[in-house]
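Report on the structure
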Amino acid sequence: MRLLKLIGTSLNMNVRTIVIFFAVMLAIVVGLSFLVTSKQPIQPQAANYSSQNSDRPRVETSDNFSDAGEIKVSDVIIRDFPIKNTGNKPVQLLNINSSCGCTSGKIIYKDFQSKEFGMHVQSGFVTEIAPGDIATMRLTYRPATMPVYGLVERSVYLSTNDPDNPKLTFSLKAIVR
């Protein structure tokens, strides 16, 4: 009888220990996830506009292609492309990605420079361009990352909230030797 009481007490204690252990682990996981996500900036809601609406953002790119000519596989090619907001509402820039892991894009606007984003590291919301302002899409091509020889064309893609230009493409062509 005494043995049964001892086993019952022991089992009861083990169940309590397990429940307390899992409760503490859950509290730790929730606390860590709060710490990690609390430092991330709040992503604004993408503003939607109609093409018929005159009160909207308008993206203008004077140039979206560059021919780098002949380059060595060890070269790093950087090209800047202007992005102008000719509308009267802010242009939102989001979802930067690229056609290859060797190519990345980043936005430069006033004192702000985004991280580089590419095929494997895509952005969400990046920034807004005020009406009349110009930002820069910086395309970086590193052929040594994924060596391909001969004629190569790589692109960086960028989404906007301009209904006439929802996706912009910036491309670079080179002959890699």
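The structure displayed is predicted, hence computed values, not measured ones. (Residues numbered from 1 in each chain as written. Predicted model: local features only at pLDDT ≥ 70, side-chain atom pairs only at ≥ 80, totals over all residues. Heavy atoms only, no water.)

1. Details of the overall build of the protein
A count of helices and strands for the protein gives one helix and eleven strands. Moving toward the C terminus, one meets the helices and strands of the protein in the order α-β-β-β-β-β-β-β-β-β-β-β. Looking at the protein as a whole, 32% of its 177 residues are labelled buried. Counting only contacts in the protein whose residues sit at least 6 apart along the sequence, the fraction spanning at least 24 positions is 72%. (Helix = DSSP H or I, 4+ residues; strand = E, 2+ residues; numbered from the N terminus. Buried < 20%, exposed > 50% of the residue type's maximum accessible area, 1.4 Å probe, protein only. Contact = heavy atoms within 4.5 Å.)

2. Description of the sheet that holds strand 4 (residues 91-98)
As summarised here, the arrangement of the five strands in space is 2-11-10-4-8, forming an open sheet in which the pairing is mixed. A single partner strand is all that each edge strand has here, and the edge strands are strand 2 (65-71) and strand 8 (125-129). Neighbouring strand axes in the sheet, compared pairwise and without regard to direction, differ in orientation by 25 degrees on average. Relative to strand 8, strand 4 runs antiparallel, the two being bridged by four bridges. (Pairing = 2+ DSSP bridges. Axes fitted to C-alpha atoms, helices over the stretch in contact; angles between N-to-C directions.)

3. With respect to the pairing of strand 11 (residues 167-176)
Two faces belong to every sheet, and in a regular strand the side chains alternate between them. For strand 2 and strand 11, the ladder comprises five bridges, and the chain directions are parallel. Bridge pairing in strand 11 places I71 opposite V176. Bridge analysis of strand 10 (residues 150-160) against strand 11 gives ten bridges, and the strand direction is antiparallel. Directly across from V152, in strand 11, lies its bridge partner A174.

4. Overview of the environment of I78
With respect to the element layout, I78 can be found in strand 3 (residues 77-85). We classify I78 as partly exposed; its relative accessible area is 44%. In this structure the C-alpha to C-alpha distance between I78 and T103, which are 25 residues apart in sequence, comes to 9.8 Å.

5. Some thoughts on unusual backbone geometry
Excluding glycine, most residues fall at negative phi; most peptide bonds, likewise, are trans. One non-glycine residue, N95, lies in positive phi territory at about 55 degrees. Topologically, N95 is positioned in strand 4. Owing to a relative accessible area of 32%, N95 belongs among the partly exposed residues under this scheme. Positive phi outside glycine occurs at K110, with the angle close to 55 degrees. Mapping K110 onto the fold places it in the loop between strand 5 (103-109) and strand 6 (112-113).

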